[in-house]
Amino acid sequence: MNKRQLVAADCDVTFDNLTRQLYASDASVYQIEPVGVAFPKSAQQASSVIMAAADAGVPVIPRGAGSGLSGGAIGDGLVVEFSRHNRQISDLDLEQRTVRCGAGVVLDQLNTFLKPHGFCFGPDVATSSRATIGGMIANNSSGARVPVYGTTADHVVSLEMVLADGRIENVGARYDSLGAERQMIAQLVQRHAAEIAEWMPPGMLKRWSGYGIERFLREPHDLTEIFSASEGTLGAICSAELNIVPRPREKGLGLVFFASVAEAMQATVELLPLQPAAIEHIDKPLFDQTKGQLHFQAARDLMELDTKPCEAILIVEFYGDVAERLVALSAMRLGLRTLICRNQAEMNLVWAVRKAGLSLLTGRVGPAKPLAFIEDAAVPPAQLPAYVAGLERIMNPMGLEVCYYGHAATGLLHVRPVLDLRTATDLAKYRQIADAVSQLVREFKGSLAAEHGVGIARTEYM
Ligand SMILES: Cc1cc2nc3c(=O)[nH]c(=O)nc-3n(C[C@H](O)[C@H](O)[C@H](O)COP(=O)(O)OP(=O)(O)OC[C@H]3O[C@@H](n4cnc5c(N)ncnc54)[C@H](O)[C@@H]3O)c2cc1C
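Residues numbered from 1 in each chain as written. Predicted model: local features only at pLDDT ≥ 70, side-chain atom pairs only at ≥ 80, totals over all residues. Heavy atoms only, no water.

### Considerations on the packing of aromatic side chains
Reasoning step 1: This structure, assessed with the given rule, holds four aromatic pairs.
Reasoning step 2: Geometrically, the ring pair formed by Y23 and F39 is edge-to-face, given 5.9 Å between the ring centres and 70 degrees between the ring planes. Of this pair, Y23 sits in the loop between α2 (17-22) and β2 (36-39) while F39 is found in strand β2, placing the two residues 16 residues apart along the sequence. Comparing Y23 with F39, the two get one shared label, buried.
Reasoning step 3: A cation sits over an aromatic face here: R337 above F257, 3.7 Å from the ring centre. (Phe/Tyr/Trp six-rings, centres within 6.5 Å; stacked < 30°, edge-to-face > 60°. Helix = DSSP H or I, 4+ residues; strand = E, 2+ residues; numbered from the N terminus. Buried < 20%, exposed > 50% of the residue type's maximum accessible area, 1.4 Å probe, protein only. Lys NZ or Arg CZ within 6 Å of the ring centre and 35° of its normal.)

### As for the nonpolar core
Reasoning step 1: Judged by nonpolar contacts, the single largest core of 45 residues is most densely connected at L314, Y387, M395 and Y404.
Reasoning step 2: Of all elements in the fold, only β12 (251-258), α11 (261-271), β14 (312-319), α14 (322-331), α17 (384-395), β17 (402-407), β18 (412-419) and α18 (424-443) reach the threshold of two or more residues within this core.
Reasoning step 3: Counting 31 residues, the second largest nonpolar core, distinct from the first, contains L110, I133, L159 and I196. (Core = buried A, V, L, I, M, F, W, Y, C linked by side-chain atoms within 4.5 Å.)

### Observations regarding the site of the ligand
Reasoning step 1: Taken together, the neighbourhood of the ligand is formed by 33 residues, with P62, S67, T127, T132 and S142 sitting nearest.
Reasoning step 2: A distance of 2.6 Å is found between a nitrogen atom of the ligand and a backbone nitrogen or oxygen belonging to S142.
Reasoning step 3: Protein burial of the ligand: of its 970 Å² of free accessible surface, 95% is covered by the chains.
Reasoning step 4: Listing elements by their share of the shell around the ligand, those giving two or more residues are β3 (60-63), α5 (133-139) and β10 (236-243).
Reasoning step 5: Examining the composition of the shell around the ligand, we find that five residues originate from one element, α5, more than from any other.
Reasoning step 6: Of the residues in the shell around the ligand, the class split is 15 nonpolar, 15 polar and three charged. (Near = heavy atom within 4 Å. Polar contact = N/O pair within 3.5 Å; in protein donor to acceptor, adjacent residues only side chain to side chain. Areas by Shrake-Rupley, 256 points an atom, 1.4 Å probe, with all protein chains shown as cover. Nonpolar A, V, L, I, M, F, W, Y, C, P; charged D, E, K, R; others polar.)

### Re the pattern of salt bridges
Reasoning step 1: In this structure the tally under the stated criterion is 23 salt bridges.
Reasoning step 2: D91 is the partner of R100 in a salt bridge, and the nearest nitrogen-oxygen pair spans 4.0 Å.
Reasoning step 3: Under the relative-accessibility criterion, R100 is labelled buried at 18%.
Reasoning step 4: When its relative accessible area of 53% is taken as the criterion, D91 is described as exposed.
Reasoning step 5: One salt bridge in this structure joins R431 and D435, with 3.2 Å as the shortest N-O distance. Note that R431 and D435 are positioned in helix α18 at a spacing of four residues, about one turn of the helix. (Salt bridge = Lys/Arg side-chain N within 4 Å of Asp/Glu carboxyl O.)

Honestly, that's just the spatial picture; any functional story needs more than this.
Structure, rendered in structure tokens:
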């Protein structure tokens, strides 16, 4: 590889060992050293370095904060890093409800900017303090409130892209760019319309393994549908015009406690007619990590976790008509007991436990860790009880501890078997589980990658 070609580009490029090690990992289980890391300050600089990489025959890996869980932001080529710069927010239009963001803008930064205007960005990833807008679009990230806001792709109006050959193009419904490519994709997607309808039936709110072909079928003029969720494989996002939404005026939160994960899944199906903004599931392996932690004691006391044991909890949130819906929730008498939060402070305590979920889990002591590799599968919500039964059939005979948490309202459970990948036995189990779960998800016509991306972890199953 000719490094000189990359250095000659009008962009900061670094090849030192420390930087390459720092960018060799993301939040996945993988580690791959890049040849170098570029830090563009603008679309022109990104174009210059991507063109140089193409000339030198070096693959390009666009990267945001590196919080992705599937290994999408690492590779043995040139990492093009958008989070150091590209943090401008501009063109706020409150009438049209749109704003423009550089790819490196972090979600919390955007929401802090929008708050005084009474607006926010709808999709709410748990990594909001780190995740960049570029990474969120590329993974079509979403969060707990998908029933209300949908996913990131639903809020993309237009994108400023740098393509693999260095061209800078604006794409979106009002742009006429990339006409030939658009036509080709439209024909391809049309040709497979029946298959897409069969494998991507309506009713799955989180279903993003790669390109949004079923969205493009509905919106054949809008290439943002294809670029969103493309995980950096079709080009680099330099900036985006996004839709924003008014902040909710009224929120309410209820908790339901269960003796088993299976009962919590059954209750999720029963709760859906109440049209909650979110139904989040956490289980004992997760909330047990808060034991003895001063920071979470108030939340534990509120949930009475030390005195009234349970195996699983559903956190049910409502936006609007809160009083009636919380009464309806209590009247359902689900599970072991119900708790209604009385004020915002109590809601914050509960959300802090849910938001810290993954960090709590991965912080567990010992060499075996709850691993992310089947953690992003979603099935139609009504199938959750049968899906969990299927998972238990696969993993219970292996005698594994498994953590189930996630976005139950949309059928997405972050399932993490606890494994020690330094042992041959657990490595074999890892492979066995990955194969069996991909087959199980297929049986439910679900999606193996609902919001965390396909990345390295799931490409072989697509
Ligand atoms: C603790 C934890 C909790 C999480 N919770 C959630 C959650 O609630 N919901 C959710 O959806 N995800 C969640 N994630 C996954 C992750 O945080 C999101 O996918 C996030 O949006 C990724 O943003 P990033 O900036 O870190 O992207 P990166 O990890 O840097 O990149 C992700 C992908 O996007 C591509 N990419 C990045 N920037 C660009 C760009 N400018 N142009 C083109 N492609 C680009 C990369 O090549 C890669 O394929 C969680 C992860 C962790 C570790």
